[in-house]
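Chain by chain, the residues run as shown.
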Amino acid sequence: GESVGLHLPTLSVQEGDNSIINCAYSNSASDYFIWYKQESGKGPQFIIDIRSNMDKRQGQRVTVLLNKTVKHLSLQIAATQPGDSAVYFCAEGGFMDSSYKLIFGSGTRLLVRP
Amino acid sequence: GAVVSQHPSRVICKSGTSVKIECRSLDFQATTMFWYRQFPKQSLMLMATSNEGSKATYEQGVEKDKFLINHASLTLSTLTVTSAHPEDSSFYICSAASGTGANTQYFGPGTRLTVL
């Protein structure tokens, strides 16, 4: 079936460096993409989203890039901080089986070294 | 922002018993609520979608008679795990959407279920 996957299961970065987390999606009909941050034992926390009619969107310290040609999504975190350590999930939204759903990727753990 | 709560946050039960998990939207009306399950070190897997006042739609492979979902009001959905077994131990997360589309979902903090 359709799936969303990630290239890197774990990413370790030095505090202050920039982080890039990647995601590949397979449903060409998806029209909405979201990045979530999940800390241990907690629910997903919204970071940033982007619609399929855009290729870049910026937030505070975060940027999401969407490349529909190769079905690739990335999350860039500037000046990574220890508090950014968590698991990051991308999710794609679209109509599947006649209803609108979010399908989550497998996740990337970000470790920030002090 | 929109707040979604879950209760309980953690529950331990004996095998064969039933457990009810509540999901509430605290400051908005949720026309649609979603239930996800997350096993350790894995991603969130959608279990079912529930719309207020109608039957839930279950994803393939999810037993509707085992995971009973009720969405009786615009602020409350419940998931009941019936005759729980150790393999049902997981992190259950709900989300709520206020519009007809599911693209803006607000997630609850999750419920850790442990079945002994």
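As shown above, the structure is provided for reference.
Please read all numbers here as calculations on a predicted model, not as lab measurements.

**Some thoughts on the overall build of chain A**
Thinking step 1. A count of helices and strands for chain A gives zero helices and eleven strands.
Thinking step 2. When the helices and strands of chain A are placed in sequence order, the string is β-β-β-β-β-β-β-β-β-β-β.
Thinking step 3. Its C-alpha radius of gyration of 14 Å places chain A within 12% of the 13 Å reference for a compact globule of 114 residues.
Thinking step 4. Projected onto its principal axes, the C-alpha positions of chain A cover 45 × 30 × 20 Å.

**Points about the overall build of chain B**
Thinking step 1. Across its full length, chain B carries zero helices and eleven strands.
Thinking step 2. Listed by position from the N terminus, the elements making up chain B come as β-β-β-β-β-β-β-β-β-β-β.
Thinking step 3. The principal-axis extent of the C-alpha atoms belonging to chain B is close to 40 × 25 × 25 Å.
Thinking step 4. Across the 116 residues of chain B, 50% fall into the buried class.
Thinking step 5. Expressed as a percentage of contacts within chain B between residues at least 6 apart in sequence, the contacts between residues at least 24 apart total 55%.

**What about the nonpolar core?**
Thinking step 1. B:Trp35, B:Phe67, B:Leu79, B:Tyr92 and B:Leu113 are the most contacted members of the largest nonpolar core, which has 24 residues in total.
Thinking step 2. At the level of secondary structure, the elements contributing two or more residues to this core comprise strand S2 (10–13), strand S3 (19–25), strand S4 (32–38), strand S5 (45–51), strand S7 (67–73), strand S8 (76–81), strand S9 (90–97) and strand S11 (111–115) of chain B.
Thinking step 3. Not counting the four nearest positions on each side in its chain, B:Phe67 is found in contact with B:Arg37, B:Met47, B:Tyr58, B:Val62, B:Leu79, B:Thr80, B:Val81, B:Asp88 and B:Tyr92.
Thinking step 4. Core analysis: the second largest hydrophobic core is formed by 20 residues, A:Val13, A:Cys23, A:Leu75 and A:Leu110 among them.

**What about the state of the cysteines?**
Thinking step 1. A complete count under the given rule lists two disulfides over all chains for this structure.
Thinking step 2. The partner cysteine of A:Cys23 in its disulfide is A:Cys90, sulfur to sulfur 1.9 Å. Taking the torsion about the sulfur-sulfur bond, which here is approximately 50°, the covalent link between A:Cys23 and A:Cys90 counts as right-handed. Taken together, the residues A:Cys23 in strand S3 (residues 19–25) and A:Cys90 in strand S9 (residues 86–96) connect sequence positions 67 residues apart. Here A:Cys23 and A:Cys90 have matching classes, each one buried.
Thinking step 3. The disulfide bridge from B:Cys23 ends at B:Cys94, spanning 2.0 Å between sulfur atoms.

**Structural notes on the environment of B:Glu59**
Thinking step 1. Within the secondary structure, B:Glu59 sits in the loop between strand S6 (57–58) and S7.
Thinking step 2. Classification of B:Glu59 as buried rests on a relative accessible area of 16%.
Thinking step 3. Expressed as a C-alpha distance, the spacing of B:Glu59 and B:Ile12, which sit 47 residues apart in the sequence, is 26 Å.
Thinking step 4. In this structure, B:Glu59 is in contact with A:Lys101, B:Leu46, B:Met47 and B:Ala48, ignoring residues within four places of it in sequence.

**Thoughts on the interface of chain B and chain A**
The figure often quoted for interface size is the accessible area lost as the parts come together.
Thinking step 1. Listed by partner, the interface residues are 17 residues for chain B and 15 residues for chain A.
Thinking step 2. For the pair chain B and chain A, the summed buried area comes to about 1400 Å², and 56% of that belongs to carbon and sulfur atoms.
Thinking step 3. Our count for the contact surface shared by chain B and chain A stands at one salt bridge.
Thinking step 4. Of the charged contacts in the structure, one is a salt bridge between B:Glu59 and A:Lys101, with a shortest N-O distance of 2.9 Å.
Thinking step 5. Counting every contact that joins chain B to chain A gives four residue pairs in polar contact (both at pLDDT 80 or more).
Thinking step 6. With three residues, S4(B) is the single largest residue contributor to the side of chain B that touches chain A.
Thinking step 7. Broken down by class, the residue content of the side of chain B that touches chain A amounts to nine nonpolar, seven polar and one charged.

**Quick look at the pairing of strand S8 (residues 72–77) of chain A**
All names here are of chain A.
Thinking step 1. Here S3 runs beside S8; their pairing, made up of six bridges, is antiparallel. By the bridge assignment for S8, Cys 23 is matched with Leu 73.
Thinking step 2. Where strand S7 (residues 62–67) folds back onto S8 in an antiparallel hairpin, the turn is made up of four residues, including Lys 71, whose phi is positive at roughly 55°.

About the thresholds
- Residues numbered from 1 in each chain as written.
- Chains lettered and ligands numbered in written order.
- Predicted model: local features only at pLDDT ≥ 70, side-chain atom pairs only at ≥ 80, totals over all residues.
- Heavy atoms only, no water.
- Helix = DSSP H or I, 4+ residues; strand = E, 2+ residues; numbered from the N terminus.
- Rg over C-alpha atoms; globule rule 2.2 N^0.38 Å.
- Buried < 20%, exposed > 50% of the residue type's maximum accessible area, 1.4 Å probe, protein only.
- Contact = heavy atoms within 4.5 Å.
- Core = buried A, V, L, I, M, F, W, Y, C linked by side-chain atoms within 4.5 Å.
- Disulfide = S-S within 2.5 Å.
- Buried area = accessible area lost by both parts, 1.4 Å probe.
- Salt bridge = Lys/Arg side-chain N within 4 Å of Asp/Glu carboxyl O.
- Polar contact = N/O pair within 3.5 Å; in protein donor to acceptor, adjacent residues only side chain to side chain.
- Nonpolar A, V, L, I, M, F, W, Y, C, P; charged D, E, K, R; others polar.
- Pairing = 2+ DSSP bridges.

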